Amino acid sequence: MRALRLPGAGQLLLLLLLVFNLLPIYFILENSVKTPLEFASSTLSFPQALQWSNYSVAWEKISLSLYNTSLIIAASVVAIVAFSAMSAYSFSKLRFPLKNTLFLLVFGLLLIPGFLTLIPLYLQIKKLGLSDSYLALILPYIAGGQAFSIFVLKTFFEQLPDEIFEAARIDGAGNIRIFSTIVLPLSVPICTTVAIINITGLWNDYLLPSLLLNRAHQTVTMALVAFEAAAGNYGLSDYGGMMAAYLLAAIPLLLLFSLLMRNFVEGISSGSIKM
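Not measured: the values here are computed from a predicted model.

A.B. asks: Help me get a handle on the pattern of salt bridges, residues and values and all.
C.D. replies: Enumeration according to the criterion identifies three salt bridges in this entry. The salt bridge involving Lys34 is made with Glu30; its shortest N-O contact spans 3.1 Å. With relative accessibility at 1%, the residue Lys34 sits in the buried group. Note on Glu30: relative accessible area 2%, which makes it buried.

Pasting the structure below:
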């Protein structure tokens, strides 16, 4: 008969950390189905009657912005991964003049705080006539995501054995074929990791969209802030609808992580990202 083992201090600490991490989720879930009066009475007690109408109100407020955000981020991240993968392959496996100097310039972009470029970027977008359009965000996002993505992918590509590329060249394969048939299939996990990191940052961005977009093209962060501001202007704030909106806005990211978590962990564990 096996003796009953009590949890050690390390397991109790992990359990405690798990509880603390689940508390915000519980807070959002149970408050998303409350009336304003119930929310004002207690934020931790479970509601007497579930107000599912909060989700209908929240969906009306953020449905268009969810579509806008998904479209902008999908176009941006696909372009970021494609362009940065080609650049990283060039820096890691090709020889050309000033390669190291160019890479240092790209790496130097990581040292420039993003808020320093807001005014020049805003003026440039206005001058090009792209304000209040999807391209007003897509183009800056593509440019802004290159430095980090190139750095990560270059580190991974350098770990690929040179013998594979030499054998492919002996068989008559050019750089385009090598990149499309060898490099990309081998780099699916790390490309997924780069994509998820970029998606997370762009999905939560508020400052740049608020400067460049109008209400018709607003992103989900703009819609959430507008919903919160409007909810607080009339009597009791609609915190139930706001919590429901927060939850609906988080669902696409939760689905994305659940579908791609295996590739994400594999990309992290490959040793290509040194945190």
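A.B. asks: Which residues make up helix H6 (residues 135–144), and what are the values?
C.D. replies: Among all positions in H6, only Ala136, Leu137, Ile138, Pro140, Tyr141 and Ile142 are buried. Residues of H6 that are buried in the fold lie against helix H3 (53–93), helix H5 (118–128), helix H7 (146–158), helix H10 (188–203) and helix H11 (207–212).

A.B. asks: Give me empty space enclosed by the protein: which residues, what numbers.
C.D. replies: Tallying each qualifying case throughout the model produces one cavity of 30 Å³ or more. Size it by volume and the largest cavity reaches roughly 40 Å³. As for the largest cavity, its lining consists of Thr69, Ile72, Ile73, Leu137, Tyr141, Leu202, Trp203, Asp205, Pro209, Thr219 and Thr221. When residues of the lining of the largest cavity are traced back to their parent elements, those giving at least two are H3, H6 and H10.

A.B. asks: Give a description of the nonpolar core that names residues and reports values.
C.D. replies: Judged by nonpolar contacts, the single largest core of 57 residues is most densely connected at Tyr89, Leu153, Phe157 and Ile178. If you tally residues by element for this core, the top one is H3, at 13 residues. Ignoring any residue separated from it by four or fewer positions in sequence, one finds Ile178 in contact with Tyr89, Phe165, Ala168, Arg169, Ala173 and Val183. Judged by nonpolar contacts, the second largest core, of five residues, contains Phe103, Val106, Ala147 and Ile150.

A.B. asks: Tell me about the packing of aromatic side chains, and please be specific about residues and values.
C.D. replies: For the structure on display, the rule yields seven aromatic pairs. Geometrically, the ring pair formed by Tyr89 and Phe179 is tilted, given 5.7 Å between the ring centres and 50 degrees between the ring planes. Here Phe179 lies in helix H9 (residues 175–186) and Tyr89 lies in helix H3, a separation of 90 residues in the sequence. Pair check on accessibility: Tyr89 and Phe179 agree, each one buried. The interplanar angle of 65 degrees and the centroid separation of 5.5 Å between the aromatic rings of Phe91 and Phe103 together place this pair among those described as edge-to-face.

A.B. asks: So what's going on with the layout of surface pockets? Residues and values would help.
C.D. replies: Taken as a whole, the largest pocket spans an internal volume of roughly 830 Å³. Lining the largest pocket we find 24 residues, and of these Gly114, Thr117, Pro140, Gly144 and Gly145 sit closest to its centre. Broken down by secondary-structure element, the contributors of at least two residues to the lining of the largest pocket are H5, H6, H7, H10 and H11. In the lining of the largest pocket, the residues fall into 17 nonpolar, six polar and one charged. Taken as a whole, the second largest pocket encloses approximately 150 Å³ of empty space. Listing elements by their share of the lining of the second largest pocket, those giving two or more residues are helix H1 (9–31) and helix H13 (239–269). Grouping the constituent residues of the lining of the second largest pocket by class yields eight nonpolar, no polar and no charged.

A.B. asks: Give a detailed account of the packing of H7 against H10, specifying residues and quantitative values.
C.D. replies: At a minimum axis distance of 10 Å, the contact between H7 and H10 shows a crossing angle of 160 degrees. The angle between the axes of H7 and H10 places the two elements in the roughly antiparallel class. Crossing geometry of H7 relative to H10 is assigned as right-handed. For the pair H7 and H10, the contacting residues are Phe148, Ser149, Val152, Leu153 and Phe156 in the first and Ile190, Cys191, Val194, Ile197 and Asn198 in the second. Tallied by class, residues from the contact of H7 with H10 come to eight nonpolar, two polar and no charged.

The rules we used
Residues numbered from 1 in each chain as written. Predicted model: local features only at pLDDT ≥ 70, side-chain atom pairs only at ≥ 80, totals over all residues. Heavy atoms only, no water. Salt bridge = Lys/Arg side-chain N within 4 Å of Asp/Glu carboxyl O. Buried < 20%, exposed > 50% of the residue type's maximum accessible area, 1.4 Å probe, protein only. Helix = DSSP H or I, 4+ residues; strand = E, 2+ residues; numbered from the N terminus. Contact = heavy atoms within 4.5 Å. 1 Å grid on protein atoms, 1.4 Å probe; cavity = no way out; pocket = protein on both sides within 12 Å on 5 of 7 lines; lining within 4 Å. Points joined across faces, edges and corners; volume = space filled by probe spheres on them. Core = buried A, V, L, I, M, F, W, Y, C linked by side-chain atoms within 4.5 Å. Phe/Tyr/Trp six-rings, centres within 6.5 Å; stacked < 30°, edge-to-face > 60°. Nonpolar A, V, L, I, M, F, W, Y, C, P; charged D, E, K, R; others polar. Axes fitted to C-alpha atoms, helices over the stretch in contact; angles between N-to-C directions. Parallel < 35°, antiparallel > 145°, perpendicular 65-115°, else oblique. Left-handed = near helix turned anticlockwise from the far one by under 90°.

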